[in-house]
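Geometric and topological summary
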Amino acid sequence: MKKTFFKVGITIIILLVVIIIVLSKYYEYKEKVSKIKEFNVEYEKCLDGEIYGTELANLINKAIDDNERNFVKKDKQGVYIKDDTNSVTIDVRITDLEEKPVYKMETFYNSGNGMTDFIQYYNIVKFKCAKAEYNKTGKISYMLFEQIEE
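The paragraphs below set out a description of the structure included in this document. (Residues numbered from 1 in each chain as written. Predicted model: local features only at pLDDT ≥ 70, side-chain atom pairs only at ≥ 80, totals over all residues. Heavy atoms only, no water.)

Attention now moves to a nonpolar patch on the surface. Together, Phe6, Ile10, Ile13, Ile14, Val17, Val18, Ile21 and Val22 make up an exposed nonpolar region whose accessible area comes to about 740 Å². Its place among the elements puts Val18 in helix α1 (residues 2–44). (Patch = residues over 30% accessible without salt bridge, like charges linked within 9 Å, V, L, I, M, F, W, Y side chains within 5 Å. Areas by Shrake-Rupley, 256 points an atom, 1.4 Å probe, with all protein chains shown as cover. Salt bridge = Lys/Arg side-chain N within 4 Å of Asp/Glu carboxyl O. Helix = DSSP H or I, 4+ residues; strand = E, 2+ residues; numbered from the N terminus.)

Here you go:
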């Protein structure tokens, strides 16, 4: 009788431990997904529809801030280095109507007056997100904006 109580007790303890481990992993996963969604929300607002240059400037500032906060390395020109080991790099690029090259966000951010010049020239200009990419963790990592009107 004592042996069966002991076996049942051990079985219940093992089941409880397994359930606790599974639940903790589940809640950890849910928290991770929630943080990714929270991270993406500001970027994803710009995916559909048109935005003005001032909104794009805010987005560039957010991307720069997120990269700095996550200690993303830069090259000699001050451009953030994107690699497979760094899953937090944000890259925003822009094309305008007059010229077809793609401008990196650092081009505007690191210029003489920084984003002030960008806002001065593009504040009421409309842009749309032409392309967005996510990294392996589900965070947004690349956005290409095209100027759609002057």
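And the narrative resumes.
This part covers the side chain of Asn40. Residue position: Asn40 is located in helix α1. For Asn40, a relative accessible area of 3% gives the class buried. Of note is the side chain of Asn40, whose polar atom sits 2.8 Å from the backbone nitrogen of Ile140. Setting aside residues no more than four positions away along its own chain, Asn40 makes contact with Tyr134, Gly138, Lys139 and Ile140. (Buried < 20%, exposed > 50% of the residue type's maximum accessible area, 1.4 Å probe, protein only. Polar contact = N/O pair within 3.5 Å; in protein donor to acceptor, adjacent residues only side chain to side chain. Contact = heavy atoms within 4.5 Å.)

Another point: the sheet that holds strand β4 (residues 126–134). One open sheet accounts for 5 strands, arranged β1-β4-β5-β2-β3; its pairing is mixed. Single-partner strands in this sheet number two, and they are β1 (50–52) and β3 (103–104). As judged from the 8 bridges shared by β4 and strand β5 (residues 140–149), these two strands associate in the antiparallel manner. Bridge assignment links Ala132 to a residue of β5, and that residue is Met143. Here helix α2 (residues 53–69) sits on the sheet and contacts β1, β2 (91–95), β4 and β5; the angle it forms with β1, its principal contact strand, is near 85°. (Pairing = 2+ DSSP bridges. Axes fitted to C-alpha atoms, helices over the stretch in contact; angles between N-to-C directions.)

Turning to the pairing of β4, a few remarks are in order. On a regular strand, one side chain projects to one face of the sheet and the next to the other, so that they alternate. Bridging between β1 and β4 involves 3 bridges; their strand directions are antiparallel. Pairing of Glu50 across the sheet is with Lys128, part of β4. Where β4 hands over to β5, the hairpin turn is made up of 5 residues, of which Gly138 adopts a positive phi near 100°.

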